[in-house]
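Residues per chain are reported as follows:
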Amino acid sequence: METAGHEDPALAIAARHALHDEELIAEFATDGDAVEDAERARSLIERCVACRDLHADLVAIGGMLQAVEKAETVAATQTAPRDFRLSIETANRLRPGSAVLRLRDRLPAAIASLSRPVGMSMASLGVVGLLLGTLTLGGFASLGSAPEDNGGVTAAGSTPAAGATAGPGEVTGPAATPLGSMRLSFDAQATAAPATAPLPPAVTEGVPMVRGGSTLSALIVAGSAILLIGGVALLTLGSRRREPVPGR
Amino acid sequence: MEDLRATTVSDDPVQRRDLMLLERAREGDLTAFNDLVVCYQDMLFALVVRMVPDRDQASDAVQEAFFSAYRNMGSFRGGSVKSWLSRIAINAAMDTQRLRKRRPSEPYPELEDETWQPPADASADPVTTSLTSERHRVLNAALAKITDDQRTAIVLYDVEGYDYAEIAGMTGVSVGTVKSRIHRGRLSLRSLLIDRMDIFRG
């Protein structure tokens, strides 16, 4: 006897069995001698009561499972709860190899549904862009003409780091634009400086920036105009597509 | 190259019928495809409901299987139409199991599927019939509680009689994994049935 006399025999069996490979027993119960380690499985079943019980139970369960009728046999006596036949609509939807055709069928509807919101967005962006572009273009144009009015010297309105403009006359200049108002504040500070003072290099560097800015504004205006035209075209297209087609 | 269908056409009248129906379905005949559906819907449902023991979910899986079969008729490369449909249905059942895993709801109902109940034999002893019925009921309840992978492997191996390699091919895992799922599944069943093993031993 392997266990000490004072131990519960059932406990001792369970303790020993805990170390045994149950999956091997399960494998042996399923595949028998075909199992690679069949000898060890047989040995465990012979020596360990728990392994023997496990093996017997697994064989019984396996037998019960294999006694269950196959699906084919069941189908002879029991019907499915639903009719799974395909309707014509479903079949058309599932039609094999028709992905391209389906895409082609759906494309006009997709375009129609997208054209209105996209057109609206493009037109809105175009209007906003046109407004901004026109305003900035006006601002740069007035900046560009300022040097002629004031002895050919100015600071770029968009570059406060440039410091100051030369002439106090600009205070009364076209200050309706944002850039104009910015220029106004710089000009106010600049009035403290004498008009004949030598200009720092940073001030004269602003002139090409004005030219570049006006080019950018012109581009914005042109782009916005294109956006607006495209948006309106899409909107028109969308409205036409939404009209019911006779005969459909 | 030899046409696989040509070799099987003359063998089995059922298979010949299936291949003809499938051929017509591939040419656009929906009635032919629906004839195939009628031929196999009960069998596929009986198969799937054992893997997905919820009848509604099993129905959805079978419906999806027929959709898939219709979409992929062109991929049929000969052989048995029944096996082809079974494979598609098993895949659909496994997809349903995966979906269920991601969105766990309630445990599978235990007794909804009566296909586990053996048909009563008029000549059988009532006690034996009752005992067999009880065994199946208890077994069904336990099967509904083990993991989807284990149940699928056990159903395909023990009940449907597929071999390890076939199951591995259908489920996309190795033969070793299939074996392990079957053995662990049986161990799980034994743990669940430990208090009722008396009716199985008898």
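Residues numbered from 1 in each chain as written. Chains lettered and ligands numbered in written order. Predicted model: local features only at pLDDT ≥ 70, side-chain atom pairs only at ≥ 80, totals over all residues.

Next up on the list: helix α2 (residues 13–26) of chain B. Residues and elements named next belong to chain B. Its 14 residues place the ends of α2 20 Å apart at the C-alpha level, agreeing with the 20 Å of an ideal helix rising 1.5 Å per residue. All buried positions along α2 are accounted for by D18, L19, L21, L22 and A25. Buried residues of α2 fall within an arc of 165 degrees about the axis and therefore sit on the same side. Of the residues one or two after α2, G28 is the one with positive phi, at around 110 degrees. (Helix = DSSP H or I, 4+ residues; strand = E, 2+ residues; numbered from the N terminus. Expected span 1.5 Å × (residues − 1). Buried ≥ 20, exposed ≤ 12 C-beta atoms within 10 Å, placed from the backbone. Arc of directions from axis to C-beta.)

Moving on, we get to the interface of chain A and chain B. Each side of the interface is counted separately: chain A has 35 residues, and chain B has 46 residues. Contributions of two or more residues to the side of chain A that touches chain B are made by α2 (22–31), α4 (49–67), α5 (71–77) and α6 (88–94) of chain A. If one sorts the elements of the side of chain A that touches chain B by residue count, α4 of chain A sits on top with nine residues. In terms of residue class, the side of chain A that touches chain B is made up of 19 nonpolar, seven polar and nine charged. (Contact = placed C-beta atoms within 7 Å. Nonpolar A, V, L, I, M, F, W, Y, C, P; charged D, E, K, R; others polar.)

Moving on: the confidence of the model for chain B. Low-confidence regions, as indicated by low pLDDT, have predicted coordinates that should not be scrutinised in detail. Residue and element names in this part refer to chain B. Chain-level statistics for chain B give a pLDDT mean of 84 and a share of 83% at 70 or above. Confidence drops under a pLDDT of 50 for residues 1–8, and excluding neighbours within four residues, the segment shows nine contacts in the predicted structure. Taken over the whole predicted complex, pTM reads 0.59, whereas the ipTM for its chain interfaces reads 0.79. (pLDDT = per-residue confidence, 0-100.)

A few words on the packing of helix α7 (residues 148–159) of chain B against helix α9 (residues 175–193) of chain B. Geometry of a packed helix pair, given as the angle between the helix axes and the separation of the axes. Residues and elements named next belong to chain B. Between α7 and α9, the shortest axis-to-axis distance is 8 Å and the interhelical angle comes to 100 degrees. Taken together, the axis directions place α7 and α9 in an arrangement best described as roughly perpendicular. Facing α7, whose interface residues are D149, Q150, R151, A153, I154 and Y157, α9 presents V178, R181, I182, R184, G185 and S188. Among the residues forming the contact of α7 with α9, the class breakdown is five nonpolar, three polar and four charged. (Axes fitted to C-alpha atoms, helices over the stretch in contact; angles between N-to-C directions. Parallel < 35°, antiparallel > 145°, perpendicular 65-115°, else oblique.)

Moving on, we get to the nonpolar core. Formed by 50 residues in total, the largest nonpolar core has its most connected members in L44, V48, V62, A65, A89 and A93 of chain B. When residues of this core are traced back to their parent elements, those giving at least two are α5 of chain A together with α2, α3 (30–51), α4 (55–71), α5 (81–102), α7, α8 (164–171) and α9 of chain B. Looking at this core, the element that brings in the most residues is α3 of chain B, giving 12 residues. If sequence neighbours within four positions are ignored, A65 of chain B has contacts with L44, I88, A89 and A92 of chain B. Membership of the second largest hydrophobic core comes to 19 residues, among which are L44 of chain A together with V138, L187 and L193 of chain B. (Core = buried A, V, L, I, M, F, W, Y, C linked by C-beta atoms within 7 Å.)

All names here are of chain A. Residues with a pLDDT of 70 or more make up 60% of chain A, whose mean pLDDT is 71. Counting interchain partners and residues more than four positions distant, the pLDDT-below-50 stretch residues 148–196 has 84 contacts. Low pLDDT (under 50) marks residues 243–248, which in the prediction has zero contacts with non-local residues, meaning those over four places away or in another chain.

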